[in-house]
Amino acid sequence: MRFITLAAVTAQLAGEQSLSHPPPPASNAHALLFHSMRSFRSPATVSNRPLFFESPIRTAATLYEPADGKIVFGAWVETESATTVGPVTLGGDSPSDFNKRLGLNAGVFHMSQSIPLAISPFDQTQMTAPLNLIEATKTDAILFLTIYPNQTAQNPYDLITDKDVQLLAWQLGNITDPSLSGRRVMLRFGPEMNGNWFTYGQQPSRYVTEFRRLVTAIRAVTKRVSFVWSPNAGNNYPFGGNFLPNAERTALDTNKDGTVDNKDDPFSPYWPGADYVDWVGTSLYWKGDPATGYPTKDNSRTPADFWEHMVQGSAVEVVNPAYPFYTQYAEQYNKPLVMSEGGAAFALYQEGSTARLPANQGQLAVQQSFWQSYLNAAFFKKFPKAKMFINFEHQKVYEDPTTGRNGITRDYRITHEPAVAAALKSDLTALGSSIEWAGPFVAGYDWLTGTGGGAAVTTKTGGAAAPTGAASATTSKSGAYQFSAGVIGFAASIALLL
């Protein structure tokens, strides 16, 4: 076994000569993730060999779907280095800090990276998601990884080479490998693809092709990744109609009346097919009452039925009920539903001023009303496939994209203000065993087969913080996702160290 850098692997795929590096010191395989060289594990050759030799057969439940009646709660925290923008500090957060503020161990953390991988301007290394920050929690929290096509290129799909896809597949293969990280991964590719704010957006034919391409390549390396298809919620579709190629305009005109408008389906042109999707999700935000003007900064409560209106349609939220997202995808295809990202924006500052904007309802009321519109028994009873909630734990400076002005600093975080965090913890605790929290990490445990690591496979009870610290031989694991026992062997395996 030899260890080579990401650049060397890329060169090797191109048929070029590369120099190898020595392996890290012998230790627990899990420590491989922290090797300072951030290298890959690779065979001498990476082609003309099968990548796995036994495929588990999926039965009833989706990979990493909690049992019926249970919800996984988590966050997308600002892990970027802290920076000051006007009167606010952005970034500098971590999963460990989130757990400490909440006093509970989140079951999932959201991170992102690009394809092709972005290059650091400081040391010219590929910029992957900081998995080490989840490892530092010493929990078995799920990595919810969003993969963005290049967001600056005019034709970002054209930049994704076979090498880029293969490197991603190897990365995920090793993150999920029980002998390495052993981390559960849910992969969201090209989110909000039905919107016009990304250069890869509103290109349904190309999006479907690329989604299937990634899924096929990754499944050839590992069966331990669960795939998430996640358009933007359909409110105010088609979001201004900045459509790209004329051929795509034809695909978007689903009712064939010659116009792309809110009478067209916001979702079906982008659907890759049930065989390629494990979870369905959506981005869903409350940014204030649109009747108060644009950009909104009224700091009003989220309507009690907001989530229902957004996933099923309502004239109140300008969502066409002819295309009910939950019914069309979660129910029809029996897929669990995730709020991939979202939250209630508490408007703090107007651009050019350090004066706080009017609190109106107050930050607690604004943000608690949002999570309560999802995290309540009535919603779960009506929408039982709703299985995961990921809060957008960020402060962001919003600017009107048409003018570059009217910036509003919005705070989506629900664990930084003590009163908000206390209310959140109270509401989550009240749900008892409905919430599935992370447990301690167990080295060698295989989430796919339910074996290894010396851990007994039982069902989590939830409702309280799981202890953190050293791995425990009695750690509970969820058995809600059912697979036939099978062993996946990698004939070609590369360890991407994050």
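Criteria and thresholds
Residues numbered from 1 in each chain as written. Predicted model: local features only at pLDDT ≥ 70, side-chain atom pairs only at ≥ 80, totals over all residues. Heavy atoms only, no water. UniProt positions renumbered as here; feature names shortened; annotations may be inferred. Helix = DSSP H or I, 4+ residues; strand = E, 2+ residues; numbered from the N terminus. Buried < 20%, exposed > 50% of the residue type's maximum accessible area, 1.4 Å probe, protein only. Contact = heavy atoms within 4.5 Å. Areas by Shrake-Rupley, 256 points an atom, 1.4 Å probe, with all protein chains shown as cover. Axes fitted to C-alpha atoms, helices over the stretch in contact; angles between N-to-C directions. Parallel < 35°, antiparallel > 145°, perpendicular 65-115°, else oblique. Left-handed = near helix turned anticlockwise from the far one by under 90°. Nonpolar A, V, L, I, M, F, W, Y, C, P; charged D, E, K, R; others polar. Pairing = 2+ DSSP bridges. Expected span 1.5 Å × (residues − 1). Core = buried A, V, L, I, M, F, W, Y, C linked by side-chain atoms within 4.5 Å. Salt bridge = Lys/Arg side-chain N within 4 Å of Asp/Glu carboxyl O.

As annotated in an unreviewed UniProt entry, the protein carries the name GH26 domain-containing protein and comes from Chytriomyces confervae. Its UniProt record, at the heading Sequence similarities (unreviewed entry), says of the protein: "Belongs to the glycosyl hydrolase 26 family."

This part is about the overall build of the protein. Across its full length, the protein carries 11 helices and 18 strands. Expressed as a percentage of the 498 residues in the protein, the buried residues total 56%. Here the analysis covers contacts within the protein between residues at least 6 apart in sequence; of these, 75% occur between residues at least 24 apart. For the protein, the computed accessible surface area is about 19,700 Å², with 54% contributed by carbon and sulfur atoms.

What follows deals with unusual backbone geometry. A cis amide bond links I115 to the next residue, P116, at an omega of -5°. Within the secondary structure layout, P116 lies in the loop between β6 (108–115) and β7 (118–119). At K138, a residue that is not glycine, the phi angle is positive and equals roughly 60°. Relative to the helices and strands, K138 is located in the loop between α3 (131–135) and β9 (142–149). A positive phi is found at N360, a non-glycine position, where the angle reads about 50°. With respect to the helices, strands and loops of the structure, N360 is situated in the loop between β14 (346–350) and α9 (363–374).

A separate point is the UniProt feature "active site" (unreviewed entry) in the protein. Mapped onto this numbering, the UniProt entry gives "active site" (unreviewed entry) at E192 and E341. In sequence the annotated residues extend across 150 residues, while in space they remain close, none of their C-alpha pairs exceeding 10.4 Å. Along the polypeptide, E192 turns up in the loop between β10 (185–189) and α5 (204–219). Here E341 shows up in strand β13 (residues 337–344).

The subject of this paragraph is the packing of helix α4 (residues 162–176) against α5. Running from N to C, α4 and α5 point in directions that differ by 50°, and their axes come no closer than 9 Å. Classed by the angle they form, the pair α4 and α5 counts as oblique. Considering how the two elements wind past one another, α4 and α5 form a crossing that is right-handed. Across from D162, V165, L168, A169 and L172 in α4, the residues of α5 making contact are R213, L214, A217 and I218. Looking at side-chain class alone, the contact of α4 with α5 contains 7 nonpolar, no polar and 2 charged residues.

Next up on the list: the pairing of β14. β14 sits mainly inside the fold: 4 of its 5 residues count as buried. Of the strand pairs in this sheet, β14 and strand β17 (residues 408–411) are connected by 4 bridges, and their pairing is antiparallel. When the bridges of β17 are listed, F346 appears paired with D411.

Turning to α9, a few remarks are in order. Between the first and last C-alpha of α9 there are 18 Å, a value that for 12 residues agrees with the 16 Å anticipated at 1.5 Å per step. The buried fraction of α9 amounts to 10 of the 12 residues, a majority that puts the element mostly inside the structure. Looking only at α9, the buried set comprises Q363, A365, V366, Q367, Q368, S369, F370, W371, S373 and Y374.

Take the nonpolar core next. Core analysis: the biggest nonpolar cluster contains 114 residues, and F73, W229 and M388 have the highest contact counts within it. It is α4 that contributes the most residues to this core, 7 residues altogether. Among all residues touching M388, those that are not within four sequence positions of it are I71, V72, V108, I142, F144, M186, W279, L337, V338, M339 and Y374.

Overall, the coordinates contain 15 salt bridges when judged by the stated rule. We note a salt bridge from E308 to K382, for which the minimum N-O separation is 2.5 Å. Residue E308 is found in helix α7 (residues 306–312), and its partner K382 is found in helix α10 (residues 377–382); the two are separated by 74 residues along the sequence. Taking relative accessible area as the criterion, K382 reaches 49% and is therefore assigned partly exposed. Linked through salt bridges whose partners overlap, the residues forming this network are D158, D162, R206, E210 and R213.

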